[in-house]
Amino acid sequence: YLPIDRDTVCVEDVRSKDYNRILDLADSTGTGWERRSVMLRPDGLFRWGVVVSQNTPAVQPGSGSCVFQHVRKGPGRPTAGCTAMSAGRIEEIVRWLDPEGSPSLVQLPEAEYSELRQSLQLP
């Protein structure tokens, strides 16, 4: 669990050593990068969310940063690479998700899920 405030950002600047890291501006220099995502947004998109640990642990600049499951802007509204859903659905996921259980995120179209469910031992 990571509480966020107005100083919580995710660095998206591919030239920075902090690329794809969530930082607290109060605890960092806030230098060496120009592009970032502010986590505490007026629209509440990141009020509830899950960090998708892709492009880790060996971060490759330009291979994706700041990927989350988060609250959606509205039905049919796209994201810039994240997975968005209703606030109620993401709250449900956050409540049962156990980081100690090393969870994996599998996202498939329904037909492929049905085909691969048994072989991948999916719920």
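Because the structure is predicted, anything quoted here is derived from the model rather than measured.

Considering the sheet that holds strand 3 (residues 36–38)
In step 1: Pairing is antiparallel in the open sheet, where 3 strands are placed in the order 2-1-3. In this open sheet, the two edge strands, each paired with only one partner strand, are strand 2 (22–24) and strand 3. Recorded for the sheet is a direction-independent mean angle of 30 degrees between the axes of neighbouring strands.

Some remarks on the sheet that holds strand 4 (residues 49–51)
Through backbone hydrogen bonds, the strands of a sheet pair up, either in parallel or in antiparallel fashion.
In step 1: Pairing is mixed across the open sheet formed by 3 strands, whose spatial order is 4-5-6. A strand with exactly one partner marks an edge of an open sheet, and here the two such strands are strand 4 and strand 6 (83–85). Shown here is a sheet whose adjacent strand axes are inclined to one another by a mean of 15 degrees, direction ignored.
In step 2: Two elements, strand 4 and strand 5 (residues 68–71), share 3 bridges in a ladder whose sense is antiparallel. In the strand pairing of strand 5, Val 50 is matched with Gln 69.

Brief notes about helix 2 (residues 110–120)
In step 1: Within helix 2, only 0 of the 11 residues are buried, leaving the element largely exposed.
In step 2: Just beyond helix 2, the residue with positive phi is Gln 121, at close to 55 degrees.

What about the pattern of salt bridges?
In step 1: For the coordinates displayed, the defined rule picks out 7 salt bridges.
In step 2: Arg 35 is the partner of Glu 12 in a salt bridge, and the nearest nitrogen-oxygen pair spans 3.7 Å. In this pair, Glu 12 is assigned in the loop between strand 1 (8–11) and strand 2 and Arg 35 in the loop between strand 2 and strand 3, connecting sequence segments 23 residues apart.
In step 3: Accessibility expressed as a relative area gives 16% for Glu 12, which makes it buried.
In step 4: A salt bridge links Asp 43 to Arg 41; the shortest N-O distance between them is 2.6 Å.
In step 5: You can call Asp 43 partly exposed: its relative accessible area is 43%.
In step 6: On the basis of relative accessible area, Arg 41 is assigned to the partly exposed category, the value being 30%.
In step 7: Within this structure, Lys 17, Asp 18 and Arg 21 form a network of salt bridges that share partners.

Topic: the side chain of Asp 13
In step 1: Secondary-structure assignment places Asp 13 in the loop between strand 1 and strand 2.
In step 2: Assessed through its relative accessible area of 6%, Asp 13 is described here as buried.
In step 3: Only 2.9 Å separates the side chain of Asp 13 from the backbone nitrogen of Arg 15, close enough to count as a polar contact.
In step 4: Each residue touching Asp 13, except ones within four places of it in the same chain, is listed here: Tyr 19, Trp 33, Glu 34 and Arg 35.

Scoring rules and cut-offs
- Residues numbered from 1 in each chain as written.
- Predicted model: local features only at pLDDT ≥ 70, side-chain atom pairs only at ≥ 80, totals over all residues.
- Heavy atoms only, no water.
- Pairing = 2+ DSSP bridges.
- Helix = DSSP H or I, 4+ residues; strand = E, 2+ residues; numbered from the N terminus.
- Axes fitted to C-alpha atoms, helices over the stretch in contact; angles between N-to-C directions.
- Buried < 20%, exposed > 50% of the residue type's maximum accessible area, 1.4 Å probe, protein only.
- Salt bridge = Lys/Arg side-chain N within 4 Å of Asp/Glu carboxyl O.
- Polar contact = N/O pair within 3.5 Å; in protein donor to acceptor, adjacent residues only side chain to side chain.
- Contact = heavy atoms within 4.5 Å.

Fair warning: the whole summary comes from geometry, so function is off the table for now.
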